[in-house]
Amino acid sequence: TSPGNNLQVNTPSNGGGITIQSFDPGQNRAPALHLNPISTGANDRNWAISPYRDVAESLSFSSSNAKGGNAYLAGTTRLIINGISGNVGIGATSPQTKLDVTGSIQLSNQGRFKGWYTGGGGLGVEVGISGGDGYLLTYSRDTNAYGSTIIEGTGIQFVTHSSGKFYFQGGNVGIGTTSPGHK
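Residues numbered from 1 in each chain as written. Predicted model: local features only at pLDDT ≥ 70, side-chain atom pairs only at ≥ 80, totals over all residues. Heavy atoms only, no water.

**Q** Just checking my understanding: could you explain a nonpolar patch on the surface for this structure?
**A** A surface patch of nonpolar side chains, about 690 Å² in accessible area, is lined by Leu 7, Val 9, Ile 18, Ile 20, Leu 33, Leu 35 and Trp 47. Residue position: Leu 33 is located in strand S1 (residues 33-35). (Patch = residues over 30% accessible without salt bridge, like charges linked within 9 Å, V, L, I, M, F, W, Y side chains within 5 Å. Areas by Shrake-Rupley, 256 points an atom, 1.4 Å probe, with all protein chains shown as cover. Salt bridge = Lys/Arg side-chain N within 4 Å of Asp/Glu carboxyl O. Helix = DSSP H or I, 4+ residues; strand = E, 2+ residues; numbered from the N terminus.)

Encoded structure:
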């Protein structure tokens, strides 16, 4: 009787609410929730949240390509959730893994990548910062033990901040040279 917003729906049970449904489902025929801010900013964009915009059985979050544009009809998908696999795409409309990012990512604290070559457990590669130092390590959270870290490539370069460079090439080790000739 005293709504707190322009539209407020109170439901007597879990799962109640609002249903927006299309009578002609399919790609580009699904309902969308449009979020259109009224603003004077030059870069403001409208948003749409919709199933089936890009891929069947998926939920898409898209922004308009121009100020005041239609985010559903003339927009770019920024995030998509595949309803069958659960895969999430950021900048990718057909995510192939649980998180598929097209573009760069930034981690604020540390990254942990688990189980690349194992059947489970807590073994993984960790990248992070501790006490002002950066680290890359292989560690098992199950056994609290370090594992081997294998780095392969045609040339591996370790660079120190201010002075020298250390090179490993074909089994040879060099300090101050890019073509070490001895082990």
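That was the structure; now back to the text.
**Q** What's the story with the pairing of strand S4 (residues 75-82) in this structure? I'm lost.
**A** Successive side chains on a regular strand alternate, one facing one side of the sheet and the next facing the other. Strand direction decides the pairing type here: strand S3 (residues 58-64) and S4, joined by seven bridges, are antiparallel. Along S4, the bridge assignment pairs Ser 63 with Thr 76. Connecting S4 to the next strand, strand S5 (residues 88-90), in antiparallel fashion are five residues, including Gly 86 with a positive phi near 80 degrees. (Pairing = 2+ DSSP bridges.)

**Q** What exactly am I supposed to notice about the confidence of the model for the protein chain here?
**A** Detailed conclusions should not be drawn from predicted coordinates in areas where pLDDT is low. Per-residue confidence for the protein chain gives a mean pLDDT of 77; residues scoring 70 or more make up 78%. When the elements of the protein chain are averaged for pLDDT, strand S12 (residues 165-169) gives the smallest value, 55, and S5 the largest, 95. (pLDDT = per-residue confidence, 0-100.)

**Q** It is not clear to me how the side chain of Asp 54 should be interpreted in this structure. Could you clarify?
**A** Structurally, Asp 54 is set in the loop between strand S2 (47-51) and S3. Looking at Asp 54, its side chain comes within polar contact range of the side chain of Thr 77, at 2.5 Å. (Polar contact = N/O pair within 3.5 Å; in protein donor to acceptor, adjacent residues only side chain to side chain.)

**Q** Sorry, what's going on with the sheet that holds S5 here?
**A** Sheet strands pair by backbone hydrogen bonding; their relative direction is either parallel or antiparallel. With mixed pairing, six strands are arranged side by side in an open sheet as S1-S2-S3-S4-S5-S6. Only two strands of the sheet have a single partner each, and these edge strands are S1 and strand S6 (99-101). When the angles between neighbouring strand axes are averaged without regard to direction, this sheet yields 20 degrees. Pairing between S5 and S6: three bridges, direction parallel. Bridged to Val 88 within S6 is Leu 99. (Axes fitted to C-alpha atoms, helices over the stretch in contact; angles between N-to-C directions.)

**Q** Where do I start with the side chain of Ser 62 in this structure?
**A** Following the sequence through the fold, Ser 62 ends up in strand S3. Assessed through its relative accessible area of 0%, Ser 62 is described here as buried. Of note is the side chain of Ser 62, whose polar atom sits 3.0 Å from the backbone oxygen of Ala 71. Apart from the residues within four sequence positions on either side, Ser 62 is in contact with Asn 46, Trp 47, Ala 48, Arg 53, Ala 71, Tyr 72, Thr 76, Thr 77 and Arg 78. (Buried < 20%, exposed > 50% of the residue type's maximum accessible area, 1.4 Å probe, protein only. Contact = heavy atoms within 4.5 Å.)

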